[in-house]
Amino acid sequence: MLLNYFLLAARNIARQRGYAIVNTLGLSIGLASAIFIFLYVRDELTFDTHLPDAAHTYRMGMRMTQANGESNAFPAIPAGWDNYIKDNYPGIDHIAGYTADGMPTTLDYAAKDKKVLTEDIIWAEPAMTKILTIDVVNGNKEAPLKEVNSIIMSESAAREMFGDEDPINKTLAVSHTWTTNGQKINMMVTGIYKDFPSNTHVHPKYICNILALKPIVEDLENLLNTAMGDGERNYWISSFLVCRDEKQIPLIKADLQKKVDAIVARFDPNSKATLVVRKVTDIHFDQEIDWATNHKSANGKYISVFITIALLILVVACINYINLATARSVTRAKEIGLRKTFGGVRQQLFFQFMVESFLMVCGAALFALLLVMLFLSPFNDMTGKTFTIGHLFDGQMLLITAGVIALVTLLAGSYPALFVSGFQPATVLKGKFAFRKGSNTFRQFLTTVQFSMAIMLLVGSVVVVRQTNLMRNSKLNEAGKQIVSIRYGGFSGPATDSKYGTYKNLILQDPEIKAVTLANHLPRLDFFGPINMEMQFPDYGADKHEWFQLNGDFDFAKTFDMQLVEGRDFDALHKADSNAVLLNMAAVKALNTTPADVVGKTIIRPVHSFGFGPIDSTQAPIHGLVIGVIEDFPYRSMHHKIEPLAISPVPHVLDRIIHVRLPAEEIGEKIADLERKWKQVFPDFGFDYWFVDEEFGRMYENETQIAKLTKQFSGLAMLITCVGLYGLAAFLSKQRIREIGIRKTLGASNGQILWLLLSVFGKILLISCLIGIPIAVYLSGRWLQSFEYRTDLSVYVFAGAIASIALITILSVGYESLRASMANPVKALHSE
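Now for a look at the structure at hand. Remember, it's a predicted structure, so these values are computed and weren't measured experimentally.

## Section: the overall build of the chain
Broken down by element type, the chain carries 27 helices and 25 strands. A burial count over the chain gives 52% of its 832 residues as buried. Across the chain, every contact between residues at least 6 apart in sequence was considered, and the portion connecting residues at least 24 apart equals 79%. Of the roughly 37,200 Å² that the chain leaves accessible, carbon and sulfur atoms contribute 57%.

Okay, structure coming up:
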């Protein structure tokens, strides 16, 4: 019996191939979109779940709050705390940590004279291999970091460094400005492991034994093993803790917090430190601390946005199916009448049509999977993921896909099945069947809902794209398309003023390069360290201001094309300019003065240890002058307002990047020349560069990804709507062919007939705008509230969206309507 239902359903679908193709196409696009979105969402929600004991693995970090309210969080604790926890709390399965400093590490394979620069490297305690998922495929599988000077690497890193050579027992010289104090440490490759999946917050390409740093870090072994320091000297590490007894975690946190409070009270009583403990499975969406090195935490609210988009697209596709299925039902009216006359009951007919819907959805799902496979690589490029075809056939994804198929079958098939199975045989067999007013109204209601959703998606995507463009097209970012940034260094390694001067002079020998500066890393990403300094302006009172300060050399403003409002730029010929500053307009406003008045006023700044951090009270404060005022520019994310800022012509001690403004032409050749000159001055250090506008891409990574995905999936929703409108218009035109023939016989023009057919959709579009636009305004406004600087919700955005929908409607409906209006009425009436 069940087989008969499927055979009959297959025959009916084959008999109505045109209808089946249109409906399958719309459903396929909707299902493919949903599969892509759910693939992405599942990947995001399963971050770090691949760890051997993810449900019981925790990380610890600190949040420091200064007396002025400024707070900074970092994912590290003193190394000795691990042993304190292990010694005082039973039930700890594993506890270990690693260190990873900013800036790239240089790995030198001297045998082949090859250098690789990477930030994807950590220095870990050997026990970390038990906590992370490290699948060693070559080398020491049991204890890959057993030897003090051992290094293990991922398969992709091994291919990059060694090509087809066997890496095991090869020697690499590893050096880093801070971690190794600029010195080279010879490390032996003892293992190759499979690359980490993309959905993990720790995915190093290289892992070194931290004990290899003993010659560099004084008393390292004692710092790692001492149960608990008093804060005089600590070595900070990113710590992982595996504990199956969850009751221990609050006890550990409370105990350590008491010790933290005691240490802070001793060294800085005006500050506050809070211990933060997180389960690794909660880290990816943690907005308090960026736990990944050089990576911003994701925003969980975007998961809800993506799921909503997927459901909206599925609803749009289902509405297409419902409209076309109910519209086509007239062609099967006599079949239903005959089957009911010969004893068929409504339940059987309902099941028959649900089987047809199920087969149609399954066919669409197969085609959708083919589309997903075809476009998987571009989707990976857009999202930064590493999905493979195997991910589509993972157990969870198969369940999700099956659930989507069941949901779409239920949503799309139930109403047409109820509608068609309810035909009265006496009416349809007499040839008097006609759609009831209620069914037409319901179909128009569904089309209205479909249009409203399309408008919301379209307006939402336009707003997201406009906001992203506003963020990426700021003045600093625009200038950044021609400013190349070169990693320089901190205390040691290549970072010496004399060598910088030599390199700068070599660069400026090129007459087409006009400006070079040594300055902070710009823009300031959210996980960068603080750059706030204490400043006092005695001419405006005794208040001390904790403002941001950017450090560069005398050519900073020139390189970044800062616009002077008042005063002058730094001048190397003026010795006193070393203590001078430029202020931005936000600082002038904070002082409640004018640019003209503040120029020439005194600024007093205390000397900070190492150029940042605590004030060094042993040294006299720096007295200087405000020599100029510049326009405000967004040096941080637009999630933050532009704060008061001072610019100093003295480069920062640690945060040092060489910025070079290149001419618009021949950029590739100029970079090659920069690298050649770099090797002349710094032969032992790799050349690592990027463009400033690329850093803006990192800063707005989440928003840019949202913009790309929203734009693509909104476009697909519009395509589904077009397919449905075309199919519906074709059928409605055919349904009204007799009416059109009569109207034309009575003198109606082609234009009047065309207007008659289009006006139905015009009314639906108008009502949809009245529903969709207010919802889109509300949701877009809510999203924009997270930004200090927002794109306008201009009337042109909504006018453009309405015009786009109207144009799509005309193009989708117009052809069939025009063809119907131009048909010969004699043929139409004769056929009727």
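## Brief notes about the side chain of serine 780
Along the polypeptide, serine 780 turns up in helix H25 (residues 750-784). Judged by relative accessible area, which is 6%, serine 780 ranks as buried. Side-chain polar atoms of serine 780 contact the backbone oxygen of alanine 776, separated by 2.8 Å. Setting aside residues up to four positions removed in sequence, serine 780 forms contacts with Gly460, Val463 and Leu793.

## Thoughts on the pairing of strand E12 (residues 206-209)
For a regular strand, side chains alternate in direction, first toward one face of the sheet and then toward the other. Of the two faces of E12, the one lined by Tyr206 and Cys208 and the one lined by Ile207 and Asn209 are each fully buried. Pairing of strand E7 (residues 121-124) with E12 involves four bridges; the strand directions are parallel. Looking at E12, one finds that tryptophan 123 is bridged to cysteine 208. Relative to E12, strand E9 (residues 150-154) runs antiparallel, the two being bridged by three bridges. Note on E12: the bridge partner recorded for isoleucine 151 is cysteine 208.

## Quick notes on empty space enclosed by the protein
Tallied over the full model, the rule gives seven cavities of 30 Å³ or more. A volume near 140 Å³ is recorded for the second largest cavity. Lining the second largest cavity are 14 residues, and of these Pro104, Thr106, Thr177, Arg487 and Phe685 lie nearest its centre. Classifying every residue of the lining of the second largest cavity gives seven nonpolar, five polar and two charged.

## Regarding the packing of aromatic side chains
Under the criterion given, the structure shown has 17 aromatic pairs. Ring centres 6.2 Å apart and planes at 20° place the aromatic pair phenylalanine 379 and phenylalanine 387 in the stacked group. Side by side, phenylalanine 379 and phenylalanine 387 carry an identical accessibility label, which is buried. Residues phenylalanine 687 and tyrosine 689 carry aromatic rings whose centres are separated by 5.5 Å and whose planes lie at 35° to one another, so their mutual orientation is tilted. By relative accessible area, phenylalanine 687 is classed as buried at 13%. For tyrosine 689, a relative accessible area of 36% gives the class partly exposed.

## Considering the pattern of salt bridges
Oppositely charged side chains are able to pair whenever their charged atoms sit close together. Overall, the coordinates contain 22 salt bridges when judged by the stated rule. A salt bridge links lysine 670 to aspartate 510; the nearest nitrogen and oxygen atoms lie 2.7 Å apart. Of this pair, lysine 670 sits in helix H21 (residues 667-681) while aspartate 510 sits in the loop between helix H17 (497-507) and strand E16 (515-519), and the two are 160 residues apart along the sequence. Assessed through its relative accessible area of 9%, lysine 670 is described here as buried. In this structure aspartate 510 comes out as buried when scored by relative accessible area, which is 11%. One salt-bridge network, in which partners are shared between bridges, spans Asp43, Glu44 and Lys385.

## So, H25
Compared with an ideal rise of 1.5 Å per residue, which puts 35 residues at 51 Å, H25 spans 47 Å between its outermost C-alpha atoms and is within 8% of the ideal. At leucine 758, H25 shows its largest bend, some 35°.

## Let's talk about the packing of helix H3 (residues 81-88) against helix H7 (residues 248-267)
Each packed pair of helices is defined by two parameters, the angle between the axes and the distance between the axes. Between H3 and H7, the shortest axis-to-axis distance is 12 Å and the interhelical angle comes to 135°. In terms of their interaxial angle, H3 and H7 are classed as oblique. Crossing handedness for the pair H3 and H7: right-handed. Packed against H3, whose contacting residues are Trp81, Tyr84 and Ile85, the element H7 presents Ile252, Asp255, Leu256, Lys259 and Val260 at the interface.

## Regarding the environment of alanine 124
Mapping alanine 124 onto the fold places it in strand E7. Residue class for alanine 124 comes out buried when judged on its relative accessible area of 0%. For the pair alanine 124 and tyrosine 98, spaced 26 residues apart in sequence, the C-alpha separation works out to 4.0 Å. Beyond its immediate stretch of four places on either side in the chain, alanine 124 contacts Gly97, Tyr98, Leu145, Ile207, Cys208, Asn209 and Ile210.

## Overview of the sheet that holds strand E15 (residues 483-487)
The strands making up a sheet associate through backbone hydrogen bonding, with each pair oriented either parallel or antiparallel. What the four strands build is an open sheet, ordered E16-E24-E15-E25; its pairing is antiparallel. The two strands at the open ends of the sheet, each matched to only one other strand, are E16 and strand E25 (689-691). Pairs of neighbouring strands in the sheet enclose a mean axial angle of 25°, with direction left out of account. Sheet topology note: the E15/strand E24 (residues 657-661) ladder contains five bridges and is antiparallel. Its bridge partner lying in E24, isoleucine 486 is registered against isoleucine 658.

## Notes on unusual backbone geometry
Positive phi outside glycine occurs at aspartate 113, with the angle close to 50°. Within the secondary structure layout, aspartate 113 lies in the loop between strand E5 (105-109) and strand E6 (114-118). For aspartate 113, a relative accessible area of 63% gives the class exposed. Although it is not a glycine, asparagine 169 sits at a positive phi angle of roughly 70°. Inspection of the secondary structure puts asparagine 169 in the loop between helix H5 (155-162) and strand E10 (171-175).

## Considerations on the pairing of strand E23 (residues 645-648)
Judged by which residues are buried, E23 turns out to be covered on both faces: Leu645 and Ile647 on one side and Ala646 and Ser648 on the other are all buried. Bridge count for strand E18 (residues 544-551) against E23 is four bridges, and the pairing is parallel. Within E23, the residue paired with glutamine 549 across the bridge is alanine 646. Direction of pairing for strand E20 (residues 581-584) relative to E23: antiparallel, over a ladder of two bridges. Bridging from a neighbouring strand, leucine 583 pairs with alanine 646 of E23.

What counts, and at which threshold
Residues numbered from 1 in each chain as written. Predicted model: local features only at pLDDT ≥ 70, side-chain atom pairs only at ≥ 80, totals over all residues. Heavy atoms only, no water. Helix = DSSP H or I, 4+ residues; strand = E, 2+ residues; numbered from the N terminus. Buried < 20%, exposed > 50% of the residue type's maximum accessible area, 1.4 Å probe, protein only. Contact = heavy atoms within 4.5 Å. Areas by Shrake-Rupley, 256 points an atom, 1.4 Å probe, with all protein chains shown as cover. Polar contact = N/O pair within 3.5 Å; in protein donor to acceptor, adjacent residues only side chain to side chain. Pairing = 2+ DSSP bridges. 1 Å grid on protein atoms, 1.4 Å probe; cavity = no way out; pocket = protein on both sides within 12 Å on 5 of 7 lines; lining within 4 Å. Points joined across faces, edges and corners; volume = space filled by probe spheres on them. Nonpolar A, V, L, I, M, F, W, Y, C, P; charged D, E, K, R; others polar. Phe/Tyr/Trp six-rings, centres within 6.5 Å; stacked < 30°, edge-to-face > 60°. Salt bridge = Lys/Arg side-chain N within 4 Å of Asp/Glu carboxyl O. Expected span 1.5 Å × (residues − 1). Bend = angle between axes of the 7 residues up to and from the residue. Axes fitted to C-alpha atoms, helices over the stretch in contact; angles between N-to-C directions. Parallel < 35°, antiparallel > 145°, perpendicular 65-115°, else oblique. Left-handed = near helix turned anticlockwise from the far one by under 90°.

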